[in-house]
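# Understanding the architecture of this molecule
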Amino acid sequence: MPNFETVVVNTDILILGGGMAACGAAVEASYWAKKNGLKVTLVDKAAMDRSGAVAMGLSAINQYLGIAKGENTVEDYVRYVKNDLMGIARDDQVADIARHVDSSVHLFEKWGLPIWKNEDGNYVRGGRWQIMLNGESYKVIVAEAAKNALGTDNIYERVYICEPIMDGDRIAGAIGFSTREEKVYVFKAKAVIVAMGGAVGVFKPRSTGEGLGRSWYPPFSSGSSAYFTMKAGAEMTCQEVRFIPVRFKDAYGPVGAWFLLFKSRATNALGEEYMVTRKDELANWGPYGQVKPIPANLRNYLGMLDVAEGKGPIYMQTAEAIANLAKKYEDDPKAFKKKMKELESEAWEDFLDMTVSQAILWAACNIAPEEKASEIAAAEPYFIGSHSGASGAWVSGPADIAPPEYQWGYTNMTTVKGLFAAGDASGASSHKFSSGSHAEGRIAGKSAVRFVVENNQEPNIDDATIEALKAEILKPLAVWEEFSGFTTDPETNPNYILPRQYMFRLQKLMDEYAGGVVANFTTSKALLEKGLEYLLMLKEDSEKLAARNLHELMRCWENKHRTLQAESHIRTVLFREETRWPGYYFRADEPKLKEDWEVFCNCKYDAKTGEWEMIKRPIIRLVD
Ligand code: FAD
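Numbering of residues starts from 1 in every chain and runs along the sequence as written. Per-residue local features of the predicted model are confined to residues with pLDDT of at least 70, and side-chain atom pairs are confined, for both listing and counting, to 80 or more; whole-chain, interface and lining totals are unaffected and use all residues. The side-chain quantities take in all heavy atoms of the structure and omit both hydrogens and water.

### Considerations on the domain arrangement of the protein
How big an interface is tends to be stated in terms of the accessible area lost upon association of its parts. Where each domain starts and ends follows an automatic or database-derived domain assignment. When cut into domains, the protein gives domain 1 (5-197 + 222-239 + 390-454), domain 2 (247-378) and domain 3 (463-618). A straight line from the C-alpha centre of domain 2 to that of domain 3 covers 35 Å. Contacts are residue-level and defined by heavy atoms, with any inter-residue pair within 4.5 Å sufficient. Each partner contributes to the interface: domain 2 provides eleven residues, whereas domain 3 provides 13 residues. Between domain 2 and domain 3, the buried area comes to about 930 Å², and carbon and sulfur atoms account for 66% of it. Joining two parts hides part of their accessible area as seen by a 1.4 Å probe, and the buried area is that hidden amount summed over both. Counting the surface domain 2 buries against domain 3, the share from its top three residues, Trp285, Asn297 and Met304, is 56%. Salt bridges are defined as contacts in which a side-chain nitrogen from Lys or Arg sits within 4 Å of a carboxyl oxygen from Asp or Glu. One can count zero salt bridges joining domain 2 with domain 3.

### Focus: the site of the ligand
Around the ligand sit 36 residues in total, of which Ala21, Asp44, Ala60, Ser386 and Ser434 are the nearest. Asn62 places a main-chain nitrogen or oxygen 2.9 Å from an oxygen atom of the ligand. The method behind every accessible area is Shrake-Rupley, applied with a 1.4 Å probe, and residues are considered shielded solely by the protein chains displayed. Protein chains shield 97% of the accessible area of the ligand, which is 990 Å² for the free molecule. Each helix is a run of H or I in the DSSP string that is no shorter than four residues. Each strand is a run of E no shorter than two, and both are numbered from the N terminus. Mapped onto the shell around the ligand, the elements with two or more residues apiece are α1 (20-35), β4 (60-61), β7 (159-167) and α12 (433-454). Residue composition of the shell around the ligand, by class: 19 nonpolar, 14 polar and three charged. Throughout, near means a residue has at least one heavy atom within 4 Å of the molecule or strand. In protein, a polar contact requires one atom able to donate a hydrogen and another able to accept it; more generally it is a pair of N or O atoms within 3.5 Å, and residues adjacent in sequence count only if both atoms are side-chain atoms. Ten residues, namely Ala, Val, Leu, Ile, Met, Phe, Trp, Tyr, Cys and Pro, are considered nonpolar, four, namely Asp, Glu, Lys and Arg, are considered charged, and the remaining ones, Gly among them, are considered polar.

### With respect to the environment of Gln507
If you trace the backbone, Gln507 turns up in helix α14 (residues 499-513). Considering only alpha carbons, one finds Gln507 and Pro114, 393 residues apart in sequence, at a separation of 39 Å. Apart from the residues within four sequence positions on either side, Gln507 is in contact with Gly201, Val202, Phe203, Lys204 and Pro205. In terms of polar contacts, Gln507 uses its side chain to reach the backbone carbonyl oxygen of Gly201, at 2.9 Å.

### Focus on the state of the cysteines
Any two cysteine sulfur atoms within 2.5 Å of one another count as a disulfide. The tally for this structure, following the rule as stated, stands at zero disulfides. The thiol of Cys162 is not disulfide-bonded; the next cysteine sulfur, from Cys556, is found 10 Å away. The cut-offs for exposure are 20% and 50% of the maximum accessible area for each residue type, with area from a 1.4 Å probe on protein chains only; residues under the lower value are buried, those over the upper are exposed, and the others partly exposed. When its relative accessible area of 1% is taken as the criterion, Cys162 is described as buried.

### Notes on the nonpolar core
Throughout this description, the term nonpolar core refers to a set of buried Ala, Val, Leu, Ile, Met, Phe, Trp, Tyr and Cys residues connected via side-chain atoms within 4.5 Å. Grouped together as the largest cluster of nonpolar side chains are 131 residues, with contacts concentrated most on Leu16, Phe228 and Trp258. Of all the elements, helix α16 (residues 550-575) adds the most residues to this core, at ten residues. Each residue touching Leu16, except ones within four places of it in the same chain, is listed here: Val43, Ile161, Ala174, Val192, Ile193, Val194, Ala195, Met196 and Phe228. Ala21, Cys23, Leu58 and Leu113 belong to the second largest nonpolar core, which has 46 residues in total.

Shown next as C-alpha cells:
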C-alpha cells in the first residue's frame, strides 16, 4: 500500500465543504462555539476563495425577500417554491430559510459586496425575488468573513473528503486525502455539517470530446454530499429530482437577466413563442400548469416539444429586447446612442460577471446581442438541491413551525445523530440559491453547536476502522502499482479501469437509460431497470479503479461518489410511478401527473448490506 502520512485532527464541529452553505455555517458556528469553548474546523476540496458554484461570481442574488420593507412575505416565497417544484417541497424548511435569508444578504453587503442600488437607496431587483450585483468577487468576500471567523489554523484546503467515520449510529468524523501531498486526513468530530454541494458529470454532458468539462454546473462538486450522507445511513429525499437549466447554448450563459431584466422573449426558429403557442399543454399538468410563474420544468417542456417537432433552434431574442428597451429614447439620437451602449455593456457584463466563456463564445461566433438573436438549449441533468432541483438529505425542521412528522430534535440534522446538512446537501427545500444556502448553513451551524453542547461525548473510533478506511481510499494507487506493468498501453489493462473511462461508462448509461440528452430526457421502467443492471456492474468495477497520481485518485473518488448518486436517482425515478416534472424527465410508461403521488419519495441506503429502502412520506402543508 502507498505509504501516506496520517494526519489526525480532533475537533468539536466539522464543516465539510467551503462553498456558500459552509461559509454560512462557519460564521454562525464559530460565533456560538466561542461562547461555549468549542472548536470548529472546515475542510474544502478546493480553496475557499473560489470554491463551489459561486467560484466565478454571480450577477444576481436570487433569494432576497425584503421582509423589513414589506416587499414580500415568507408565505409568498413558500408558495412560489412549492408551485415551481410541482407541489413537492417542505413548507417548514423553505419558510425557515426564507425568514433568515435577508440577514445573510445584509451581511454580504456589510462585508463589501457591491449590490446595485436605485436612487432611493433600495436594492435594484432583477425580478420579484432577485437583486442585481457586481458579483465577480462574491465568493471571495463571503469566504473572507468565514475565514476570519474560523481562523486559518482551523481550515484545511485541498483535502478531498471520501468517507464518513461512524461511532455506532452516531457520526464521528470524516476521512479524506490531500490533493497536493501524500497525506490522509482523519477528522474526529462530535458533529459534522455536510455542505459539499451537488453533482455534475453523472449524466453525459452535451459537450463531450470537443468541449469536455464544459457544463452549466461547475465541475467541482461530484455528489460528495449525497454519497457522504447516504454512506452514513441518512434518509434521503427527492433523489429523483434533477435540474435541467435552459441556458445560452454551449457555454451555458445565464438567461435570468434576459428574461427578467431585459424582458426578452424566447422563440423557435419560425419566430413562434412556444409559451404562447403551446399554452393549452399546461392544462395537462394539474394545478401547477395554471400557476404564475409557470414552473421551470413546464417552461422547459414547452420548448422541448417545439424542438422535437423540428422547430428548433430555440432563440433568445436579444436584439428585439434591447430595441424595445431603447425605443423610448428614439426621438433623441444622443440619448438613444447612450442607452444602447448602456444596454450592450449590461448584456456583456451579465456574462463577464459569472460565465466568462459565454462572452468568449459570443465573440467567437460574431454575435452582437443588439444585432442578432442567440441560441438557448436545455442542458444535461444536474443534482443541485439549492437551485431548482430538490435532492438531498431529509433533515429535521425548525421546532417552532415544523409538524412533528418533520421534527426530531435539532434543526437541519439528518436522521443520523450529529450529522447535519445544508445548501445542496439538504433536500426538499429548493430555491435557496446562494443567499439561502448561506442562511441555511448558518441555521445548521448554530444547531450543530447546540447538539454538541447537549451531547458532548468524545467519538469512539478504533484504529482498525481508520486503517481499513485508509486502505480503501488509497486502493486505486495500489491497483495501479500492482498491475500497470501488465500491458504496454496504460489505458488498456484487464486488471483495472482508469477514472476517465469509468466516468464515460457511467455517463453513457445514465444518458441512454435514465433520460439524458440523447434520450430526449425520456425514460421508462424497462429502461431504468436495464440501466440499473449496467450501473450495478459498473459499481462492481469501481473496486478496480486505478490512479496514476493524486489527481487521478481524486477523479476515482469523484466517480465513486457520482455512482451512488446515480443509483439513488435511478431507484427513485423507478419508485415514483408518474411523470411529475416533464421538462426535467418524462416517464414514457407513466406519462401523467397522479394525485396519489403528491408525496415525498425518500430512500435509505444500508452501506453494510447494499440494500435500499424506498419510503413514501406525506406532504404536510403550512401554507395553502
Ligand atoms: P457550493 O457553493 O457549490 O459549495 C460546495 C463546496 O463543497 C465547495 O467548496 C467544494 O469545493 C466543496 N466540495 C465538494 N466536494 C468535496 C469533497 N469531496 N471534499 C471536500 N469539499 C468538497 N445563486 C444565486 O443566488 N444567483 C445566481 O445567479 C446563481 N447562479 C448560479 C449559476 C450556476 C451555474 C450554479 C451552479 C448555481 C447558481 N446559483 C445562483 C446557486 C448557488 O450557486 C448555489 O445555490 C450555492 O452555491 C449552493 O451552496 P452550497 O454550499 O451547497 O454549494
